[in-house]
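Report on the structure
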Amino acid sequence: TALSSGYKTVNGYLGVDNKKKEKQNIRELAHESGAKTAVVTTDKITGATPGGYLCHYPDRDATTQLQKQIDTLIKEGKVNYTYGAGQNNKVSLVPYTKEALSIIAADNSPFFIMIEEAYIDKHCSALSVEKAYKAMVRFNQAIALFMEYAFYNPETMVIITADHETGGITILNGSYTDSTVVAQFNTGGHTGTMVPIYTFGPCADQFTGIMENTEIPIRIKTALGF
């Protein structure tokens, strides 16, 4: 909710504030402004991150209610493409990113897409360095695909970040680019470690310095003139 709308809320709430009042997210704003929108994730489509860009409900685990909201969005044409992999933790984002782009960018219309590799977090929670590393590799493949698109479509703004760090991971040997990295986790939960943000394209210079996660959608709004 912080990343999608710019508002912090109660842990477990999606798209509503601490008084359960709905807060407009950046995908909804893009749709209202005439852009086509898509949400792609290796989590279930009702998961916390995709749900933050699609739903408004004070319980992230209320799968039935969240799915009804998403089905309504699809039926009413308020989101143009959604994909969630669910329990399959080895799904590549690449084909679904391609499919989403073929729908939302086919006629050179403005678009907004949120793409999540959910199993980086899940495998870190499970304290699996090897599986987390493989999930990062899959995410990088999707990033490479999208960066190629952005290179040939320079009006495209790309933002890559994380909603939080998980595990307090420490590199013991090797490097982040080494396939034989030896690392350890210090916890199975989320930490307060700051995460990086990478930007490319127009207005990239507006995403510099240390910032709250709520600043990201706010700066997107400013960059796009919303």
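Per chain, residue numbering runs from 1 following the sequence as it is written. In view of the model being predicted, local features appear only for residues whose pLDDT reaches at least 70, and side-chain atom pairs are presented and counted only at 80 or more, with totals across whole chains, interfaces and linings using the full set of residues. As a rule here, side-chain values come from all non-hydrogen atoms in the structure, and water together with hydrogens is ignored.

Glancing now at a nonpolar patch on the surface. Taken together, the side chains of Phe151, Tyr152 and Phe200 make up a nonpolar region of the molecular surface, amounting to roughly 370 Å² of accessible area. Among the structural elements, Phe200 can be located in strand E9 (residues 198-200). Given the relative accessible area of 32%, Phe200 is considered partly exposed. The residues that make up patches have over 30% relative accessible area and no salt bridge, and they are joined within 9 Å when like-charged or within 5 Å when they are Val, Leu, Ile, Met, Phe, Trp or Tyr. Per-residue accessibility takes into account occlusion by the displayed protein chains alone, with areas from the Shrake-Rupley method and a 1.4 Å probe. Salt bridges are counted wherever a side-chain nitrogen of Lys or Arg sits within 4 Å of a carboxyl oxygen of Asp or Glu. Secondary structure elements are taken from DSSP: a helix is a run of H or I of four residues or more, a strand is a run of E of two residues or more, and numbering for both begins at the N terminus. Burial classes: relative accessible area under 20% of the type maximum marks a residue as buried, over 50% as exposed, and values in between as partly exposed (1.4 Å probe, protein chains only).

Next up on the list: the packing of aromatic side chains. Aromatic pairing here means that ring centres of Phe, Tyr or Trp (its six-membered ring) are within 6.5 Å. Orientation follows from the plane angle: under 30 degrees is stacked, over 60 is edge-to-face, and everything else is tilted. Counting across every chain of the model gives six aromatic pairs. Aromatic pair Tyr83 and Tyr96: ring centres 3.6 Å apart, planes at 5°, arrangement stacked. One end of the pair, Tyr83, is in strand E2 (residues 81-84); the other, Tyr96, is in helix H5 (residues 94-104), and 13 residues separate them in sequence. Given a relative accessible area of 16%, Tyr83 falls into the buried group. Measuring from ring centre to ring centre gives 5.8 Å for Phe146 and Tyr149, while their planes differ by 45°; the resulting arrangement is tilted. Taken together, the residues span about one helical turn, with Phe146 and Tyr149 both in helix H7 (residues 129-152) at a distance of three residues. Taken together, the ring pairs in this structure connect Phe111, Phe146 and Tyr149 into an aromatic cluster.

With that settled, the discussion passes to helix H8 (residues 215-224). What H8 keeps buried is the set Ile216, Pro217, Arg219, Ile220 and Ala223. Angularly, the buried residues of H8 cover 160° about the axis, an arc narrow enough to put them on a single face. Any two residues whose heavy atoms approach within 4.5 Å are treated as being in contact. Here the buried face of H8 lies against helix H1 (2-5), helix H2 (26-32) and strand E4 (158-160). In the segment just after H8, Gly225 is the residue with positive phi, at about 75°. The arc in question is the one spanned by the directions pointing from the helix axis to the C-beta atoms.

Tallied over the full model, the rule gives eight salt bridges. A salt bridge links Glu215 to Arg219; the nearest nitrogen and oxygen atoms lie 3.0 Å apart. Of the two residues, Glu215 and Arg219 are both situated in helix H8; the distance of four residues between them amounts to about one turn of the helix. For Glu215, a relative accessible area of 27% corresponds to the partly exposed category. Arg219 gets classed as buried once you look at its relative accessible area, which sits at 19%.

Let us look at unusual backbone geometry. The general pattern is negative phi for most residues beyond glycine and trans for most peptide bonds. Unusually for a residue other than glycine, Lys20 sits at a positive phi of about 65°. Mapped onto the elements of the fold, Lys20 is located in the loop between H1 and H2. Classification of Lys20 as exposed rests on a relative accessible area of 52%. In the Ramachandran plot, Leu127 falls in the positive-phi region, its phi being about 60° despite a non-glycine side chain. Its location among the elements puts Leu127 in the loop between helix H6 (119-125) and H7. Residue classification places Leu127 among the partly exposed positions, given a relative accessible area of 48%.

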